[in-house]
Amino acid sequence: MRKHALIFSLSLCLFMLGLIGNLVFEAMDFFPNPTVHVISVPIASNAGYFIPGLLVLAIILLGLCLLPFALNRNKVKTTAIFLLAVILIPQLI
């Protein structure tokens, strides 16, 4: 299933780093009164953009973009599952 183990590991690490970073930043109230969310990551409010939110979003998107290059089969299905995990996990916790 994996074509390139190194790229898959890098993608998984970036994905988990972004997801955990989002959860930690939300728990520490780095995002006061967010008005704009992109895949469950708050990136802006009426006062302006959240730089940590934009960085977390970039890390998650980079991990999700690298994922299909590391797989031989089920690229769309696996990427969709990871995307759903990014969207649902912060809302469930």
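Rules used in this analysis
- Every chain's residues receive numbers from 1 upward, in the order its sequence appears when written.
- Local features in this predicted model are restricted to residues whose pLDDT is 70 or higher, and side-chain atom pairs enter the listing and the counts only when it is 80 or higher, whereas totals over whole chains, interfaces and linings include all residues.
- Think of the side-chain values as coming from all heavy atoms in the structure, minus any hydrogens and water.
- A strand pair is defined by DSSP finding two or more bridges across the two strands.
- The helix and strand labels rest on DSSP assignments: H or I over at least four residues marks a helix, E over at least two residues marks a strand, and numbering proceeds from the N terminus.
- Expected helix span is taken as 1.5 Å per residue step, with the number of steps being one fewer than the number of residues.
- A simple rule labels every residue: compare its accessible area, found with a 1.4 Å probe on the protein chains alone, to the largest value its type can have, and call it buried under 20%, exposed over 50%, or partly exposed in between.
- When checking whether two residues touch, look at their non-hydrogen atoms; a contact exists if any pair is within 4.5 Å.
- In protein, a polar contact means a hydrogen-donor-capable atom and an acceptor-capable atom, both N or O and within 3.5 Å, with residues adjacent in sequence counting only if both atoms are side-chain atoms; elsewhere, any N or O pair within 3.5 Å suffices.
- Nonpolar cores are built from buried Ala, Val, Leu, Ile, Met, Phe, Trp, Tyr and Cys residues. Side-chain atoms within 4.5 Å join them into one set.

### Description of the sheet that holds strand 1 (residues 36–38)
Ordered by their spatial adjacency, three strands build an open sheet running 1-2-3, and the pairing between neighbours is antiparallel. At either margin of the open sheet sits one strand with a lone partner, and together these are strand 1 and strand 3 (48–49). Pairing of strand 1 with strand 2 (residues 41–45) involves three bridges; the strand directions are antiparallel. Residue pairing for strand 2: Val36 is matched across the bridge by Ala44.

### Some details on helix 3 (residues 75–92)
Given a rise of 1.5 Å per residue, 18 residues ought to cover 26 Å, and the 25 Å separating the end C-alpha atoms of helix 3 matches this to within 8%. Those residues of helix 3 that sit buried are Thr78, Thr79, Phe82, Val86 and Pro90. Contacts made by the buried residues of helix 3 are with helix 1 (5–27) and helix 2 (51–66).

### Some details on the side chain of Ser45
Among the secondary structure elements, Ser45 is positioned in strand 2. The class of Ser45 is buried, set by a relative accessible area of 14%. Within the local environment of Ser45, its side chain forms a polar contact with the backbone nitrogen of Ala47, the two atoms lying 3.2 Å apart. Leave out the neighbours within four places in its chain, and Ser45 touches Pro32, Asn33, Pro34, Thr35 and Phe50.

### As for unusual backbone geometry
Phi at Asp29 is positive, roughly 55 degrees, even though this residue is not glycine. Residue position: Asp29 is located in the loop between helix 1 and strand 1. Phi is positive for Asn33, which is not a glycine, with a value near 50 degrees. Position of Asn33 among the secondary structure elements: in the loop between helix 1 and strand 1. Assessed through its relative accessible area of 66%, Asn33 is described here as exposed.

### Thoughts on the nonpolar core
Core analysis: the largest hydrophobic core is formed by 15 residues, its most contacted members being Phe15, Val41 and Ile60. Where this core is concerned, the elements lending two or more residues are helix 1, strand 2, helix 2 and helix 3. Among the elements that make up this core, the one with the highest residue count is helix 2 (four residues). In contact with Phe15, not counting residues within four places along its chain, are Gly63, Leu64, Phe82, Ala85 and Val86.

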